[in-house]
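Below are the chains, spelled out letter by letter.
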Amino acid sequence: NLSERLERSFKILKGQGTITEINVAETLKDIRRALLDADVNFKTAKTFTETVKDEALGQNVLTAVKPQQMMVKIVHDELTKLMGGSSTDINLDGKPAVILIAGLQGSGKTTFTGKLANLLKSKRSKNPLLVAGDVYRPAAINQLQVLGEQIGVPVYTEEGSKDPVKIAKDAIKQAKQNGNDLVIVDTAGRLAVDEEMMKEITAIKNAVKPHEILFVVDSMTGQDAVNTAKEFNDRLDFDGVVLTKLDGDTRGGAALSIRSVVNKPIKFVGTGEKMDALDVFHPNRMADRILGMGDIVSLVERAQEQFDAEEAQKLQKKIAKNQFSFNDFLSQIQQIKKMGSLKDLAGMIPGMGKAIKDMDFDDDAFKEVEAIIYSMTPDERENPAILNGSRRKRIAAGSGSSIQEVNRLIKQFEDTRKVMKMMGKGKNLSKMMANLP
Ligand code: GDP
Ligand code: MG
């Protein structure tokens, strides 16, 4: 995948004293190939590598900085820039604000409609009304109703009606009457772009004059995603893109190309099937992800939301003082279990993406880890430094694991501690990059 390829090409640069035309050429070729493989389109990849080259050659290489680190930073910064630099908000100024959701069938529109309502309700105190505009499949209306019930948001439907334009207009009327300050209109999609669908959604657009049109696209469809985005944009001139199913194996190549081809910001990313699996799109985090570092900032943020504030503060202090212990580790595991899909979360941890691909996650995933920690004495849990060979042996026997398993856990714990300490200092990115192989 892209991250591995980039890592490998960076390694080629390792140990070279300066960035020159010669030692950078091979790396750039690799980067370009890696980008193409990750579904970045040809033109984008070409422009990108040229920019990186100019940047790299223009650098005054300090002897203290390894060229390979500098390249990582240049590539990272360029990726971030290419994806728009910073995150872009949606327009919610309307009374009610109307958001129209467009995209192909199966791209994740209905799921996103629910997720967005959930997010805006909880984070921005909105009072949304959802509109079931996919009138062709009864199951689609029902799907939205189920989601609405889950998140406690009303869904507007019209029994037997086949006129989504009228439904959307009526829904807005009702929203005004009932004091809903936000209306999100879910629509029907086809398996491929077709004239009828485009006419219908254009008619809805013209009738309700949405404040925000979001185009939803499945990030796993690769190069097709770019073509679809272009066709929708030509017709609808949408305001932003929602990239779904980023919890899968994709590294986000589509994010790069879509942004550069339609020149519209990506605003949200979907990272799972559950209603809370939605993140605001941050170009720099996506750049991390593409580079294979994992979206650890999002992970920490999401984790933090689940902690009560006091606990988080206590933890922060401990992390800063490097006193994070196995007891904290245990309570974190409890927190993670509360957070829902383990696979969603694990995929965001650097280096875990590949490892979890074929793994089955269930609630017992931490059982072994917990058993090992429970076999430690309170003193050992608080001061992992005292875990010498004989203690480890005792713990292995006590928890029914092997010494290797105990060693592995302690190693993992120490690594986590290191990462957390870095994050605590707020210098995560540059530090993490300095530690790349
Ligand atoms: P629509 O036809 O565009 O309305 O698509 P749906 O919202 O019905 O989604 C199609 C399928 O994709 C459903 O099974 C969803 O659960 C799934 N889905 C949607 N978004 C995501 C996501 O971000 N991650 C994952 N893993 N699945 C998703
Ligand atoms: Mg749908």
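In case you missed it, the structure is sitting above this.
Cut-offs used in this document
Residues numbered from 1 in each chain as written. Chains lettered and ligands numbered in written order. Predicted model: local features only at pLDDT ≥ 70, side-chain atom pairs only at ≥ 80, totals over all residues. Heavy atoms only, no water. Helix = DSSP H or I, 4+ residues; strand = E, 2+ residues; numbered from the N terminus. Contact = heavy atoms within 4.5 Å. Areas by Shrake-Rupley, 256 points an atom, 1.4 Å probe, with all protein chains shown as cover. Near = heavy atom within 4 Å. Polar contact = N/O pair within 3.5 Å; in protein donor to acceptor, adjacent residues only side chain to side chain. Nonpolar A, V, L, I, M, F, W, Y, C, P; charged D, E, K, R; others polar. Phe/Tyr/Trp six-rings, centres within 6.5 Å; stacked < 30°, edge-to-face > 60°. Buried < 20%, exposed > 50% of the residue type's maximum accessible area, 1.4 Å probe, protein only. Salt bridge = Lys/Arg side-chain N within 4 Å of Asp/Glu carboxyl O. Expected span 1.5 Å × (residues − 1). Pairing = 2+ DSSP bridges. Axes fitted to C-alpha atoms, helices over the stretch in contact; angles between N-to-C directions.

**Some details on the overall build of the protein**
Then, in step 1: Regarding its fold elements, the protein presents 21 helices and eight strands.
Then, in step 2: Of the contacts formed within the protein by residues at least 6 apart in sequence, a portion of 75% connects residues at least 24 apart.
Then, in step 3: Element-wise, carbon and sulfur atoms account for 49% of the exposed surface of the protein, whose accessible area totals about 20700 Å².

**Thoughts on the site of ligand 1**
Then, in step 1: Neighbouring residues of ligand 1: 16 residues in total, closest Gly-106, Lys-109, Thr-110, Thr-111 and Asp-247.
Then, in step 2: Gln-143 is positioned with one of its side-chain polar atoms (N or O) 2.9 Å from an oxygen atom of ligand 1.
Then, in step 3: Isolated, ligand 1 exposes 580 Å² of accessible area, and the fraction of that covered by the protein chains is 80%.
Then, in step 4: Residue contributions to the shell around ligand 1 peak at four residues, all from helix 5 (residues 109-124).
Then, in step 5: Taken together, the residues of the shell around ligand 1 break down into one nonpolar, 10 polar and five charged.

**Observations concerning the packing of aromatic side chains**
Then, in step 1: Taken as a whole, this structure holds four aromatic pairs when the rule is applied.
Then, in step 2: With 5.7 Å between their ring centres and 50° between their planes, Phe-112 and Phe-268 make a pair best called tilted. With Phe-112 in helix 5 and Phe-268 in strand 7 (residues 266-270), this pair connects stretches of sequence that are 156 residues apart.
Then, in step 3: When its relative accessible area of 5% is taken as the criterion, Phe-268 is described as buried.
Then, in step 4: Plain terms: the ring middles of Phe-326 and Phe-413 are 4.0 Å apart, the flat faces sit at 20° to each other, and that makes the pair stacked. Of this pair, Phe-326 sits in helix 14 (residues 326-338) while Phe-413 sits in helix 20 (residues 403-424), placing them 87 residues apart in sequence.

**A closer look at the pattern of salt bridges**
Then, in step 1: Throughout the structure, instances matching the rule amount to 16 salt bridges.
Then, in step 2: One salt bridge connects Lys-126 with Asp-181, and the closest N-O pair in it is separated by 4.0 Å. Here Asp-181 lies in the loop between helix 7 (164-178) and strand 4 (182-187) and Lys-126 lies in the loop between helix 5 and strand 2 (128-133), a separation of 55 residues in the sequence.
Then, in step 3: The class for Lys-126 is buried, based on a relative accessible area of 19%.

**A closer look at helix 8 (residues 195-208)**
Then, in step 1: With 14 residues, helix 8 should cover 20 Å at 1.5 Å per step; its first-to-last C-alpha distance of 20 Å lies within 8% of that length.
Then, in step 2: Within helix 8, burial applies to Met-197, Met-198, Glu-200, Ile-201, Thr-202, Ile-204 and Val-208.
Then, in step 3: Once helix 8 ends, the next one or two residues include Lys-209, with phi positive near 45°.

**Thoughts on the sheet that holds strand 8 (residues 278-280)**
Then, in step 1: As summarised here, the arrangement of the eight strands in space is 3-2-4-1-5-6-7-8, forming an open sheet in which the pairing is mixed. Pairing within the sheet leaves two strands with one partner each, and these edge strands are strand 3 (155-156) and strand 8.
Then, in step 2: Inspection of the sheet shows strand 2 paired to strand 3 by two bridges, in the parallel sense. Across the sheet, Val-131 pairs through a bridge with Tyr-156, a residue of strand 3.
Then, in step 3: The sheet strands contacting helix 6 (residues 138-151) are strand 2, strand 3 and strand 4, and the helix crosses strand 2 at an angle near 165°.

**Observations regarding the pairing of strand 5 (residues 212-218)**
Then, in step 1: In terms of burial, strand 5 is largely enclosed, as seven of its seven residues are buried.
Then, in step 2: Both faces of strand 5 are covered, namely the face carrying Glu-212, Leu-214, Val-216 and Asp-218 and the face carrying Ile-213, Phe-215 and Val-217.
Then, in step 3: When strand 1 (residues 97-102) meets strand 5, the two strands line up parallel, connected through four bridges. Pairing of Ile-101 across the sheet is with Leu-214, part of strand 5.

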